[in-house]
Amino acid sequence: MPELLILNGPNLNLLGTRQPEVYGHQTLADVESLCAQTAKAHGFSVVCKQSNSEGGLVDALHAARGTQVGVAFNAGAYTHTSVALRDAISAIELPVVEIHMSNVHAREDFRHHSYMAPVCLGQISGFGADSYRLAVEALIRHIKGS
Ligand code: CA2
């Protein structure tokens, strides 16, 4: 079965424990299981990773090359700061969908800019845990059609 990488960045290990008004009540394990279910329904499997460090995320992206066929990626706050993650996404030459649970464009100005967006297939933002399901579906549709 072709495998997708579900990659989560800093603080997303705290999902479901704090700020439910912004990020909802679902835990990271819940979100990962939603991705697994969605992928399975389309004949794909997932491997899920989370890191609080920029280097850990770069390593996970590098490891995906030759192993996974696409990446659904919530880089958290690194979205708005990291040239290293943008370069890693470009380097691996895999389709990557950028995910945000909150609508970043309705929040503070510093969240409106994404270093990653120009090198991603697309961005899904604002649908809570469902952003992950939509990202996995978009990724699979792209992979099957390409
Ligand atoms: O909306 C998203 O998914 C974000 O990527 C989440 C990031 C934020 O910096 C981005 O601008 C948008 C923050 C993740 C923090 O996650 C927490 C989860 C639970 C409690 C506290 C933080």
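Heads up: these notes are all about the structure in this document. Counting starts from 1 at the beginning of each chain's written sequence and moves along it residue by residue. Whole-chain, interface and lining totals are the exception, using all residues; otherwise, since this is a predicted model, local features are given only for residues with pLDDT of at least 70 and side-chain atom pairs are given and counted only at 80 or more. Excluded from the side-chain calculation are hydrogens and water; included are all heavy atoms of the structure.

### A word on the overall build of the protein
1) Next: For the protein, the count of helices and strands is five helices and five strands.
2) Next: Beginning at the N terminus, the succession of helices and strands in the protein can be written as β-α-α-β-α-β-α-β-β-α.
3) Next: Each radius of gyration is computed over the set of C-alpha atoms, and the globule rule expresses the reference value as 2.2 Å times the number of residues to the power 0.38. For 146 residues, the compact-globule estimate of 2.2 N^0.38 gives 15 Å, and the protein sits close to it at 14 Å.
4) Next: Across its three principal directions, the C-alpha atoms of the protein cover 35 × 30 × 25 Å.
5) Next: Using a 1.4 Å probe on the protein chains alone, a residue whose accessible area is under 20% of its type maximum counts as buried, one over 50% counts as exposed, and one in between counts as partly exposed. Across the 146 residues that make up the protein, the buried fraction comes to 42%.
6) Next: Contacts are assigned to residue pairs with any non-hydrogen atoms lying within 4.5 Å of each other. For the protein, restricting intrachain contacts to residue pairs at least 6 apart in sequence, the fraction spanning at least 24 positions comes to 77%.
7) Next: For accessible areas, the Shrake-Rupley method is used with a probe of radius 1.4 Å. Any residue's cover is judged against the shown protein chains and nothing else. Summed over all atoms, the accessible surface of the protein reaches about 6,900 Å², with 51% contributed by carbon and sulfur. Strands are runs of DSSP state E lasting at least 2 residues, helices are runs of H or I lasting at least 4, and numbering of each runs from the N terminus.

### Quick look at the pairing of strand S3 (residues 70–74)
1) Next: With five of five residues buried, S3 is to be regarded as a mostly interior element.
2) Next: Residues Gly70, Ala72 and Asn74 line one face of S3 and the alternating positions Val71 and Phe73 line the opposite face, and both faces are buried.
3) Next: In this scheme, strands are said to pair when DSSP sees at least two bridges between them. The pairing of strand S1 (residues 3–8) with S3 spans five bridges and is classified as parallel. Of the residues in S3, the one forming a bridge with Leu7 is Phe73.

### A closer look at the sheet that holds S1
1) Next: Taken in spatial order, the five strands make up an open sheet running S2-S1-S3-S4-S5, and their pairing is parallel. Edge positions in the sheet fall to strand S2 (45–50) and strand S5 (122–125), since each of these pairs with one other strand and no more. With direction set aside, neighbouring strand axes in the sheet form an average angle of 20°.
2) Next: In the sheet, S1 pairs with S2 via six bridges, with the strands oriented parallel. By the bridge assignment, Asn8 is partnered in S2 with Gln50.
3) Next: Across the sheet, helix H2 (residues 28–41) is in contact with S1 and S2; its angle to S2 comes to roughly 160°. Axis definition: a line fit to C-alpha positions, over the contact stretch in the case of helices; interaxial angles, taken between N-to-C directions, run 0 to 180 degrees.

### Regarding the site of the ligand
1) Next: Taken together, 17 residues lie around the ligand, and Asn74, His80, Met101, Ser102 and Arg111 are the ones closest in.
2) Next: For the ligand, an oxygen atom lies 3.4 Å from a polar atom in the backbone of Ala77.
3) Next: Think of a polar contact as two N or O atoms within 3.5 Å of one another; within protein, one of them needs to be a possible hydrogen donor and the other a possible acceptor, and neighboring residues in sequence only count if both atoms come from side chains. Between the ligand and Met101, the relevant distance is 2.7 Å, taken from an oxygen atom to a main-chain nitrogen or oxygen of the residue.
4) Next: For the ligand, the protein covers 94% of the area, taking 510 Å² as the surface of the free molecule.
5) Next: Along the lines of polarity and charge, the residues of the shell around the ligand split into eight nonpolar, seven polar and two charged. Here, proximity means that at least one heavy atom of the residue falls within 4 Å of the molecule or strand. Following the grouping adopted for this structure description, the nonpolar residues are Ala, Val, Leu, Ile, Met, Phe, Trp, Tyr, Cys and Pro, the charged ones are Asp, Glu, Lys and Arg, and the polar ones are all others, Gly among them.

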